[in-house]
Amino acid sequence: MKKFIQIAFLLIGGALGFVFLPPLYELLHLSSNPWLDNPYVSVALGALLLFTLSFAFSDYFVKLITWMEEVLFKVPIGDLLFGTLGLIIGLIVAYFLGFAIDSIQLPVITEVLPIVLSFVLGYLGFRVGFKKRDELLQLFTLRGHNAKKKANEGADVPEIRGSYKLLDTSVIIDGRIADISETGFIEGILVVPQFVLTELQHIADSSDTLKRTRGRRGLDILKKLQDERMTKVEITEEDFEDVQEVDLKLVRLAKKMGNDTQIVTNDFNLNKVCELHQVKVLNINDLANAVKPVVIPGEDMQVVVIKDGKEHNQGVAYLDDGTMIVVEGGRSYIGQAITVTVTSVLQTSAGRMIFAKPKDD
């Protein structure tokens, strides 16, 4: 790369010497010198000057090019493609505006303004194409859909519309998403952001045995989803460098992907954050609670009190699905199977809790 930069400096220096050195000679009253007033000498002097400067600045240019490569490699190919198309359109508009400016016949304006317009419109075109990629894609998709709909007009063809489901780290590690997806209750395309995959990898590489096991389980669940799911499981490279928290990145990505995008989680706090940001969320715990058997106050059930509760004289038991039962006055029955009567049921996104009392009471 250094050699390439030095050769570029050599060629640019020759061109600049050919253009700018003769007027400089006239300004300094040196044009009468036959050695200097020679185009070959001007090219040689300009090339020699910039080639010498290249030794001092080539390292900085190498670092600049390396940094630009790293930035471009991180940018998703779709953003880069639409940004480049926007840049080309901006430069074409600036080129045509240049013809109108030439008719003004003002030396400074006709020479400087087209250059300024090229920079400004080229930059604006790149930014618009980069930022509006999703809207442009939706526009082309909508046109294609309308054309297909007109072609099938008169035929009874059902409209199939899929939505995006963003998976967070907790729901992947939990593992139930694979079983739910296999039953077909979750439709659309499952999307796993790269920053979620990176967090899973960090957990899988943890020195803590429990964390390492959970992380590897999450990676196995993703592999199972890719192999067994009928619809696609996509991994997106979209990231937000200015945000560190994975939950906030998920919320911003859901907003960017559109109104049909939903976040799938079992994290109670992320559930609340999504509600604040008005982002649709599917909570696996809500689904699990919804399919649990309905318990009605006044109903009797057989339980085993296994430990004491937080409050005085309370006992705690569990159903087969893990639902906690708080037995008032059940502390004296620890280790025993007793019949209890349900007094109330507390249902939240974090889970379900049943309050009961021994039937004898």
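Here we summarise the structure given alongside this text. What you see is a predicted model; the values in this text were computed from it and never measured.

1. Some remarks on the overall build of the protein chain
Reasoning step 1: For the protein chain, the count of helices and strands is twelve helices and eleven strands.
Reasoning step 2: At a minimum sequence separation of 6, the contacts of the protein chain that also span at least 24 residues come to 62%.
Reasoning step 3: Carbon and sulfur atoms provide 62% of the accessible area of the protein chain, an area that totals close to 23,800 Å².

2. Topic: the pattern of salt bridges
Reasoning step 1: The final tally for this structure, using the stated rule, is eight salt bridges.
Reasoning step 2: When the shortest N-O distance is used, the salt bridge between Lys-224 and Asp-179 registers 3.7 Å. Taken together, the residues Lys-224 in helix 9 (residues 209-228) and Asp-179 in helix 7 (residues 176-183) connect sequence positions 45 residues apart.
Reasoning step 3: Since its relative accessible area comes to 30%, Lys-224 is described here as partly exposed.
Reasoning step 4: On the basis of relative accessible area, Asp-179 is assigned to the partly exposed category, the value being 43%.
Reasoning step 5: The residue Lys-256 makes a salt bridge to Glu-238 at a minimum N-O spacing of 2.7 Å. Separated by 18 residues along the polypeptide, Lys-256 in helix 10 (residues 246-257) and Glu-238 in the loop between strand 3 (233-236) and helix 10 bring together distant segments of the chain.
Reasoning step 6: Here Glu-238 falls in the buried class, since its relative accessible area comes to 7%.

3. Observations concerning the sheet that holds strand 2 (residues 189-193)
Within a sheet, adjacent strands bond to each other through the backbone by hydrogen bonds, running parallel or antiparallel.
Reasoning step 1: As summarised here, the arrangement of the five strands in space is 3-2-1-4-5, forming an open sheet in which the pairing is parallel. Strands at the two margins of the open sheet, each flanked by one partner only, are strand 3 and strand 5 (281-283). Here the average twist between neighbouring strands, direction ignored, is 30°.
Reasoning step 2: The pairing of strand 1 (residues 164-167) with strand 2 spans three bridges and is classified as parallel. Along strand 2, the bridge assignment pairs Lys-165 with Leu-190.

4. Thoughts on the side chain of Thr-169
Reasoning step 1: Inspection of the secondary structure assignment puts Thr-169 in helix 6 (residues 169-174).
Reasoning step 2: In this structure the side chain of Thr-169 is engaged in a polar contact, spanning 2.4 Å, whose partner is the side chain of Glu-199.
Reasoning step 3: Not counting residues within four places of it along the chain, the set of residues in contact with Thr-169 comprises Val-196, Glu-199, Leu-200, Ile-203 and Val-246.

5. Observations concerning a nonpolar patch on the surface
Reasoning step 1: Residues Leu-49, Leu-53, Phe-57, Tyr-60, Phe-61, Leu-64, Trp-67, Met-68 and Val-71 make up a contiguous nonpolar surface patch of about 890 Å² in total accessible area.
Reasoning step 2: Tracing the chain through its elements places Leu-53 in helix 2 (residues 39-74).
Reasoning step 3: On the accessibility criterion, Leu-53 (37% relative accessible area) is partly exposed.

6. Some points on helix 7
Reasoning step 1: Restricting attention to buried positions, one finds in helix 7 the residues Ile-177, Ala-178, Ile-180 and Ser-181. Considered in projection along helix 7, the buried side chains sweep an arc of 165° and stay on one side of the axis. Residues of helix 7 that are exposed and point over 90 degrees away from its buried face: Glu-182 and Thr-183.
Reasoning step 2: Where helix 7 is buried, its residues touch strand 1, helix 6, strand 2, helix 9, strand 4 (262-265) and helix 12 (284-290).
Reasoning step 3: In the segment just after helix 7, Gly-184 is the residue with positive phi, at about 90°.

Calculation notes
Residues numbered from 1 in each chain as written. Predicted model: local features only at pLDDT ≥ 70, side-chain atom pairs only at ≥ 80, totals over all residues. Heavy atoms only, no water. Helix = DSSP H or I, 4+ residues; strand = E, 2+ residues; numbered from the N terminus. Contact = heavy atoms within 4.5 Å. Areas by Shrake-Rupley, 256 points an atom, 1.4 Å probe, with all protein chains shown as cover. Salt bridge = Lys/Arg side-chain N within 4 Å of Asp/Glu carboxyl O. Buried < 20%, exposed > 50% of the residue type's maximum accessible area, 1.4 Å probe, protein only. Pairing = 2+ DSSP bridges. Axes fitted to C-alpha atoms, helices over the stretch in contact; angles between N-to-C directions. Polar contact = N/O pair within 3.5 Å; in protein donor to acceptor, adjacent residues only side chain to side chain. Patch = residues over 30% accessible without salt bridge, like charges linked within 9 Å, V, L, I, M, F, W, Y side chains within 5 Å. Arc of directions from axis to C-beta.

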